[in-house]
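The chain contents come next:
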Amino acid sequence: MGSTERKYELCGPFLPRRHPSLKTSAEIVGDARRILRAQSTQRPYTPRDAHRQLFARNSVRADHSSRPSSTFSLHAQNFDVGDSRPSSGTRLSPLEHKTKIAVPGNDDVSKSSPKPPTDPLDAKRSLVRTRARLLKATSLTKLPPLAAHADASQERLHPGPAKKLPPAQAFVSGDHKELSGVPHVTAPRRSQSESRLSQSSVDSGLGSSECRAGPRTDLCGSGKNNTSADSRWDTIAPLLQRLKAAAAGSCEGSPENPCDLCVALYDALAASGMLGPHRSKRRSSILRTLFQLIDHNSPPLHMRVAELCLALHVSGNNLLNICKLIFQISRSEANDVLFQNNSVLGEHCLVITKHQKAAPRGCQVRTVFFRLDSLLGLLLREDASVCGEALFYCAGTLKFLSGNAAVVRLLLDKNCMSAAHDFIRKLCRVDDAHVTIAGHILVQMTAALRNLADHPEARPLFVSRSVISELCAVLRCHRQDQDVCTNVSRIYSKLSSYAECRLALAQTPDCYQLFLELLSKHHQKQDLVVRLLFTLGNLTAESDEARHRLFRCEPSAGTLLRLYDDYQPREEDSPPPASAREAEDVLVKLVRVLANVCIREDVGAALAGNATCVQLLMETLELRSVEVCEELTVNVAAAINNLTFYHKESAVLERSQLAIARLMLKLVLSSNMAAMLEATRVYGNLSQSKDVRDFIMQNKVHRFVVTLLDSKNPDVCFSACGVLTNLALDPPNRASLSLEGATTKLTDCLRDLGAGDWQLSAQLCQALWNMSGGDGPEKLLEAQDSESLLEILTSYLDEDKALKWTENEDYHRASWELEFFPVAQKLYHSWSVKCE
């Protein structure tokens, strides 16, 4: 837009705008005035926990018996070696009849009565019926090849001299070793749980890993794949034996480092395609060896065992114990270094899902142990209704680690914000039977997000990943849970201090209604209330649309004023639902919300006519002093100032204006400059009334107002000019003001502060016009001072000189043309005539 077009645009505020996106000059000046009245405050302080614990002391779950435990001990016997075996169903009862096999040389053979030979066809039919009964009892769905089974039966019935085995070991080996190709190695002494598992396998007649449904790797194949599978197992088996040897003794005294052996085992399993949810014959043997390492008190070793188990996608009790193990390690800050480079948080490489049988072709498996996004993967892969407690400890681990800046960067690199968004969305959709455990998990997850909200690189991700809006869904689903609501309110109180986050929150549907409902439901939960009020104060500080949407909610005024009444301290009544300091903090944030929403005209007029609102604000000033409650009294004065802007439309304020004037006197006489400024602004609005002007003059307040002109502070001088402008309307007051040197000080302020601040200059000229009686005969300046005033006005009325050094040309030009020029030109002509 050219300079000529822009000039006509700004000089004609009453003409229709040529472009709807451009503001008129009047709107620019009006916006500047409104912003000056918005209130700010400090964000509520949240001290960090001195110790890493699942729930804080003030949590409603702190002494709750139904929540998961924070302390526990883990040993190898807590793990289930048969992780890969499904439920075996009904166990078979042992047979009472024991078949006796005739062996040559036995003395009892001759004593047995001879029997006729069995017909081969009948024997075959009997064998089929026996197999059918066994199949039904063990619920097998797939039989091995018949020929192979027949050969095996013949070998069992007629074993050779070199192939005899003890009866219990002829069917299943306790260590799951193959009968050919692998030498027998004596395993370490088994625990009681392992013995039970082995005996269960013997009773069922099958190896534990062979009963697992689902896909199998080549190591479980048959035919021509057996040779390849055996060659791969030949690489893994020695590593397991070496790990067993290390587990049997002391890790510190072992000649081999168990951590290095775990790294080698991970690489071997990855190369063999045995990672992920695949089931193989040797899976139980691998898990048994890993679980035996748990008894050694070595966090680095535990981390490698946990990594292997998560890579093998253990489930059930084993998954829970592995998550407990990782959680236990994360409780010590000294162990944070173990997470900074490991794949419990992950590195970008191979991620095996349930639908992948092995590593993709062409993907080289590197000899780096930590490579999977295991914890974040668990959040997305597992279901809270199935393994909720495991996810609970997983989320607790993330909460602890999110307090470490180095780990936070790693979490952000691994796209944890997207994972968190998807995870909390799943938790909001659980059925009613699992709402409790979902709430426990959300307490930990929202605490982790609260820590991430402090990181500058995370804040844009809260917006781009829609986490801010998803947290509102969490509040809707768990509005009864004070812990969850408090954590979310802490996140919002941090993020709402930034413009892009405020915009994303303001665009969330019904967020204002939701906040008001939470304030009403949890009105006695001080730390929740104060943060929700702080967030609402941030939303309404600069957005007129936010003020309108908040006040449009049905219970808005009623909810806020009930909170005000609850937290207002009164000696004769019962104490408020918090300590005096906490109650004051709530009132500071609440009054700030009232002050901000009053900037909108329709909202301000409605609250100005609300007797409860006006009475509560006045009561606060009566009960509190500036010296003790500085921020609260200043905010209350600011709210009253915004309300008194509509005093002509409010019968309530009209009846209370003298009482308010007396309360402002206490602030004016204080030594707090912020309180003085707000009280002066209130007098500027109320002094339009003749009764208030008389009160000011009778109580000598005008002397103090004239003194404020010496502050050389533009805001203070502007407020003082407003009061003097109104006081000078009454002729008897002009002489009193002149005796205090008001005219001379107004001229000095115009010279020192007027250039560039045309709104202040206009107010100073208006005060001088009223002091001179307009076109009347009063002349309150000496000849020298009068000449100085005319020189200043001459300089300021020259458009080229006045706007030469201004930075924001559009704003200053609009202010100069609309506000300063008319009153300054009128004052110049009037004063010129009087000087002649």
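Data block above holds the structure.
Residues numbered from 1 in each chain as written. Predicted model: local features only at pLDDT ≥ 70, side-chain atom pairs only at ≥ 80, totals over all residues. Heavy atoms only, no water.

Student: What should I look at first to understand the overall build of the protein chain in this one?
Tutor: If you tally the helices and strands in the protein chain, you get 39 helices and zero strands. When the 836 residues of the protein chain are sorted by exposure, 50% land in the buried category. Within the protein chain, contacts between residues separated by at least 24 positions form 76% of all contacts whose residues are at least 6 apart in sequence. With the model as given, the accessible surface of the protein chain reaches about 41,100 Å², and the carbon-plus-sulfur share is 51%. (Helix = DSSP H or I, 4+ residues; strand = E, 2+ residues; numbered from the N terminus. Buried < 20%, exposed > 50% of the residue type's maximum accessible area, 1.4 Å probe, protein only. Contact = heavy atoms within 4.5 Å. Areas by Shrake-Rupley, 256 points an atom, 1.4 Å probe, with all protein chains shown as cover.)

Student: Would you mind going over the packing of helix α12 (residues 374–381) against helix α15 (residues 416–427) with me for this structure?
Tutor: Interaxial distance between α12 and α15 falls to 9 Å at its minimum, and their mutual angle equals 30°. Between α12 and α15, the interaxial angle falls into the category roughly parallel. Crossing geometry of α12 relative to α15 is assigned as left-handed. Of α15, the residues touching α12 (which contributes L376, L379, L380 and R381) are C416, A419, D422, F423 and K426. Taken together, the residues that form the contact of α12 with α15 break down as six nonpolar, no polar and three charged. (Axes fitted to C-alpha atoms, helices over the stretch in contact; angles between N-to-C directions. Parallel < 35°, antiparallel > 145°, perpendicular 65-115°, else oblique. Left-handed = near helix turned anticlockwise from the far one by under 90°. Nonpolar A, V, L, I, M, F, W, Y, C, P; charged D, E, K, R; others polar.)

Student: Where do I start with helix α31 (residues 690–698) in this structure?
Tutor: Because an α-helix completes one turn every 3.6 residues, residues spaced three or four positions apart along the sequence face the same direction. Where α31 is concerned, the buried positions are V692, R693, F695, I696 and M697. Those residues of α31 that are buried are in contact with α29 (651–668), α30 (673–686), α32 (701–707), α33 (714–727) and α34 (731–739). The positive-phi residue at the C-terminal boundary of α31 is K700, with phi of around 60°.

Student: Explanation requested: the environment of Q507 in the structure shown.
Tutor: Assignment of secondary structure puts Q507 in the loop between α20 (499–506) and α21 (511–521). Q507 sits in the exposed class, given a relative accessible area of 57%. For the pair formed by Q507 and S469, sequence separation is 38 residues and the distance between their alpha carbons is 8.5 Å.

Student: How should I be thinking about α15 in this particular structure?
Tutor: Between its terminal C-alpha atoms α15 stretches 16 Å, which fits the 16 Å expected from twelve residues at 1.5 Å a residue. A large share of α15 lies buried, amounting to nine of its twelve residues. Buried within α15 we find C416, M417, S418, A419, A420, H421, F423, I424 and L427. Where α15 is buried, its residues touch α12, α13 (384–401), α14 (405–413), α16 (435–452), α17 (459–464) and α18 (467–477). (Expected span 1.5 Å × (residues − 1).)

Student: What am I meant to see in the pattern of salt bridges here?
Tutor: In total, this model carries 19 salt bridges according to the counting rule given. Note that D752 is salt-bridged to R751, the shortest N-O span being 3.4 Å. A relative accessible area of 42% places D752 in the partly exposed class. R751 gets classed as partly exposed once you look at its relative accessible area, which sits at 39%. The shortest N-O distance in the salt bridge between R813 and E799 comes to 2.4 Å. Taken as a pair, R813 in helix α39 (residues 809–835) and E799 in helix α38 (residues 799–802) lie far apart in primary sequence, 14 residues in all. Each of D544, R547, R600 and D602 takes part in one network of salt bridges that share partners. (Salt bridge = Lys/Arg side-chain N within 4 Å of Asp/Glu carboxyl O.)

Student: Looking at this structure, how should I read the packing of aromatic side chains?
Tutor: Where two aromatic rings form a pair, the distance of their centres and the angle of their planes describe that pair. A complete count under the given rule lists nine aromatic pairs for this structure. On the basis of an interplanar angle of 85° and a centroid distance of 5.5 Å, the ring pair of W758 and Y796 is categorised as edge-to-face. Highlighted residues: W758 in helix α36 (residues 758–771) and Y796 in helix α37 (residues 783–797), separated in sequence by 38 residues. Taking 5.0 Å as the distance between ring centres and 45° as the angle between the ring planes, the aromatic pair formed by W758 and F820 counts as tilted. Here F820 lies in helix α39 and W758 lies in helix α36, a separation of 62 residues in the sequence. The burial state of W758 is the same as that of F820; both residues are buried. Within the aromatic cluster, the residues linked to one another by ring pairs are F327, F392, Y393 and F400. The ring of Y498 has R459 sitting right over it, with the charged end atom 4.0 Å from the ring centre. (Phe/Tyr/Trp six-rings, centres within 6.5 Å; stacked < 30°, edge-to-face > 60°. Lys NZ or Arg CZ within 6 Å of the ring centre and 35° of its normal.)

Student: Looking at this model, I keep getting lost on the side chain of T644. Mind explaining?
Tutor: With respect to the helices, strands and loops of the structure, T644 is situated in helix α28 (residues 630–644). Residue T644 is classed as buried on the basis of its relative accessible area of 0%. At a separation of 2.8 Å, a polar atom in the side chain of T644 contacts the main-chain carbonyl oxygen of N641. Engagement of the side chain of T644 in a polar contact is seen with the side chain of N685, the distance being 3.1 Å. Once residues within four sequence positions are removed from consideration, T644 is found in contact with L653, N685 and L686. (Polar contact = N/O pair within 3.5 Å; in protein donor to acceptor, adjacent residues only side chain to side chain.)

Student: Explanation requested: the state of the cysteines in the structure shown.
Tutor: Defined simply, a disulfide is a covalent bond joining two cysteines at their sulfur atoms. Scanning all chains against the criterion turns up zero disulfides. For C553, which is in no disulfide, the shortest distance to another cysteine sulfur is to C511 and amounts to 8.3 Å. Residue C553 is classed as buried on the basis of its relative accessible area of 11%. (Disulfide = S-S within 2.5 Å.)

Student: What exactly am I supposed to notice about the nonpolar core here?
Tutor: Most often, soluble globular proteins keep nonpolar side chains buried together rather than apart. Ranked by size, the top nonpolar core spans 212 residues in total, and within it F462 and Y683 carry the most contacts. By residue number, the principal contributor to this core is α13, which donates eleven residues. With residues up to four places along the chain from it excluded, the contact list for Y683 reads A661, M664, L665, V668, F695, I696, V701 and V723. (Core = buried A, V, L, I, M, F, W, Y, C linked by side-chain atoms within 4.5 Å.)

Student: Help me understand the packing of helix α22 (residues 526–542) against helix α25 (residues 580–597), please; the structure alone is not making it clear to me.
Tutor: A pair of packed helices is characterised by two quantities: the angle between their axes and the separation of those axes. α25 packs onto α22 with a crossing angle of 25° between their chain directions and a minimal axis gap of 9 Å. With respect to α25, the axis of α22 lies roughly parallel. Note on packing geometry: the crossing formed by α22 with α25 is left-handed. For the pair formed by α22 and α25, the contact residues are Q526, V529, V530, L533, F534, L536, G537, N538, T540 and A541 on the first element and E582, D585, V586, K589, L590, R592, V593, N596 and V597 on the second. By residue class, the composition of the contact of α22 with α25 is ten nonpolar, five polar and four charged.

Student: Is there a simple way to think about the environment of V588 in this case?
Tutor: Looking at where V588 falls in the secondary structure, it is placed in helix α25. Sequence separation between V588 and E630 is 42 residues, and the spatial gap between their C-alpha atoms is 9.9 Å.

Student: Help me understand the environment of C501, please; the structure alone is not making it clear to me.
Tutor: Note on placement: C501 falls in helix α20. By relative accessible area, C501 is classed as buried at 2%. As a C-alpha pair, C501 and P460 span 41 residues in sequence and 7.8 Å in three-dimensional space. When residues no more than four places from it in sequence are discounted, the contact partners of C501 are R459, V463, I468 and L495.

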